[in-house]
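Breakdown of the fold
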Amino acid sequence: MSRIAFIFPGQGAQTCGMGKDFYEQTETGKKVFDRASELLGFSVPELCFEPNDRLDITEYTQAAMVTAGIAMMRVLEEKGIHPDVTAGLSLGEYCALAAAGVMSDDDAIATVRQRGILMQEAVPAGVGAMAAILALDAAVIEEVTASMEDVWIANYNCPGQIVISGRKEAVEEACERLKAAGAKRAILLNVSGPFHSGMLTEAGEKLGQVLLQTEIKSPQIPYVANVTAQYVTEAAPVKELLTRQVSSSVKWQQSVETMLADGVDTFVEIGPGRTLTGFMRKIDRAARCFNVEKLEDIDKVAEALKEA
């Protein structure tokens, strides 16, 4: 019997048109998008499906991604496919919270909208930066960045890919030091802020105030927290973990390793792109991975899991 994890990508995966077929061809998907529009006060279908400049701005991106991810997940569940555990990278953790029953769909969408606004406002445009460091051991990156001010490790994505974040000048200097230390490449990323860095500590604290008004329930299934890469099985630590998540490293590789150690052998990536599947190939090629990005993917995944 397969042990299944639903996993949800982060902000870099968004694309214009994400979830459009779920909105147009399923009642469940349409309800999720329309409800998000009611909650947020603007047309989420228009944001997601029509070319616009807002989709690249984090205060809009985050709500759009979570809406699309939840819509896809709910349609997948209607096919009888349910996870044993769940996790999401960065903002994808909010989809995982909805999948685990920790937050209602409404609260996940509304909270991540506030999260996006707070993160966007935290650091003026152009002050922060992020960079992907390729083919350098994590311990070396930790050692180099630990001796520097205003630069932090943002993401442990997979072996050979770690993202750093912080003040633009510090990130650029770190890139040069890391290349000198043996990194194959150091690539500045096209992002609107220094996410998962100490520069967003205040934004996380403000999110903590928002979360005081949010109902958190005990998980119906375990989810893996970005901050600790460990299972969360009760409601008590959730708000603190989400508060810290804004400025802490996303331990994605470690999160996947936690699920693998627990016997998870099948991962279903729900959302645009195949970013997490790409990471999985470098973490454990033996794990089975499926993607749900288009409506037609649902039947393919259902059939493959039936045969397993």
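Bear in mind that the values here come from a model prediction, so they are computed numbers and not experimental data.

Estimates place the volume of the largest pocket at around 650 Å³. As for the largest pocket, its lining consists of 27 residues, and the residues nearest its centre are Q11, G12, A13, L189 and V191. Of all the secondary structure elements, the ones that give two or more residues to the lining of the largest pocket are α6 (105–122), β4 (151–158), β5 (161–167) and α12 (275–283). Of the residues forming the lining of the largest pocket, the biggest block, three residues, is contributed by α12. Class assignment of the residues belonging to the lining of the largest pocket gives a composition of 12 nonpolar, 13 polar and two charged.

What follows covers the environment of M18. With respect to the secondary-structure elements, M18 resides in the loop between β1 (4–8) and α1 (20–25). When neighbours within four sequence positions are excluded, M18 is seen to be in contact with F33, C48, F49, L55, A64, M65, A68, M72 and P272.

Look at α6: 26 Å from first C-alpha to last across 18 residues, which is about the 26 Å you get at 1.5 Å a residue. Here α6 has its buried residues at A108, I109, T111, V112, R113, R115, G116, I117, L118 and M119. Next to the buried residues of α6 lie α2 (27–40), α4 (58–78), α5 (92–99), α9 (201–211) and α10 (238–245).

For the rest of this paragraph, the subject is the sheet that holds strand β3 (residues 128–134). Taken in spatial order, the four strands line up as β4-β5-β3-β6 in an open sheet, and their pairing is antiparallel. Since the sheet does not close on itself, it has two edges, and those belong to β4 and β6 (185–188), each with one partner. Neighbour-to-neighbour, the strand axes of the sheet open up by a mean angle of 25°, direction not taken into account. In this sheet, β5 lies alongside β4 in antiparallel orientation, the contact comprising six bridges. Across the sheet, residue Y156 finds its bridge partner in β5, namely I162. Set on the sheet, helix α7 (residues 138–146) makes contact with β3, β4 and β5; between it and β4 the angle comes to about 170°.

Moving on, we come to α7. For α7, the complete set of buried residues consists of I141, V144 and T145. End-on, the buried residues of α7 take up no more than an arc of 90°, which puts them together on one face. Exposed side chains of α7 directed beyond 90 degrees from the buried face belong to E143 and A146. You can read the cap of α7 off the contacts: a side-chain oxygen lies 2.9 Å from the backbone nitrogen of A139, and it is on D137.

This part is about the pattern of salt bridges. Under the counting rule described, the total for this entry stands at 17 salt bridges. With its nearest N and O atoms 3.5 Å apart, the salt bridge here joins E27 to K31. Taken together, the residues E27 and K31, both in helix α2 and four residues apart, mark about one turn of the helix. Across this residue pair, the class does not change: E27 and K31 are exposed. In this structure, a network of salt bridges that share partners links the residues R35, E38 and D106.

On to the sheet that holds strand β7 (residues 223–224), then. Spatially, six strands are ordered β8-β7-β2-β1-β9-β10 in an open sheet, and the strand pairing comes out mixed. Both edges of this open sheet fall to β8 (231–232) and β10 (288–292), since each of them pairs with a single strand only. In the sheet, strand β2 (residues 85–88) pairs with β7 via two bridges, with the strands oriented parallel. Bridge pairing in β7 places T86 opposite Y223. Here helix α13 (residues 295–307) sits on the sheet and contacts β1, β9 (266–270) and β10; the angle it forms with β10, its principal contact strand, is near 155°.

Ranked by size, the top nonpolar core spans 76 residues in total, and within it F6, V66, I70, Y223, V268, I270 and V292 carry the most contacts. A per-element tally of this core places α4 first, with 12 residues. In this structure, I141, I153, A170 and L178 belong to the second largest nonpolar core, which totals 19 residues.

What follows covers the packing of aromatic side chains. A ring pair, where both rings are aromatic, is described by two values, the distance of the centres and the angle of the planes. Per the stated rule, a full pass over the model turns up four aromatic pairs. Between Y23 and F49 the ring centres are 5.5 Å apart and the planes differ by 50°, which places this aromatic pair in the tilted class. Here Y23 is found in helix α1, whereas its partner F49 is found in helix α3 (residues 44–49), with 26 residues between them in sequence. F49 matches Y23 in its accessibility class, with the two residues each being buried. Between F42 and Y60, the ring centres sit 5.4 Å apart and the planes meet at 70°, which makes this aromatic pair edge-to-face. On the criterion of sequence distance, the pair formed by F42 in the loop between α2 and α3 and Y60 in helix α4 is long-range, its members being 18 residues apart. F42 sits in the buried class, given a relative accessible area of 15%.

Scoring rules and cut-offs
Residues numbered from 1 in each chain as written. Predicted model: local features only at pLDDT ≥ 70, side-chain atom pairs only at ≥ 80, totals over all residues. Heavy atoms only, no water. 1 Å grid on protein atoms, 1.4 Å probe; cavity = no way out; pocket = protein on both sides within 12 Å on 5 of 7 lines; lining within 4 Å. Points joined across faces, edges and corners; volume = space filled by probe spheres on them. Helix = DSSP H or I, 4+ residues; strand = E, 2+ residues; numbered from the N terminus. Nonpolar A, V, L, I, M, F, W, Y, C, P; charged D, E, K, R; others polar. Contact = heavy atoms within 4.5 Å. Expected span 1.5 Å × (residues − 1). Buried < 20%, exposed > 50% of the residue type's maximum accessible area, 1.4 Å probe, protein only. Pairing = 2+ DSSP bridges. Axes fitted to C-alpha atoms, helices over the stretch in contact; angles between N-to-C directions. Arc of directions from axis to C-beta. Polar contact = N/O pair within 3.5 Å; in protein donor to acceptor, adjacent residues only side chain to side chain. Salt bridge = Lys/Arg side-chain N within 4 Å of Asp/Glu carboxyl O. Core = buried A, V, L, I, M, F, W, Y, C linked by side-chain atoms within 4.5 Å. Phe/Tyr/Trp six-rings, centres within 6.5 Å; stacked < 30°, edge-to-face > 60°.

In short, geometric facts, not functional conclusions.
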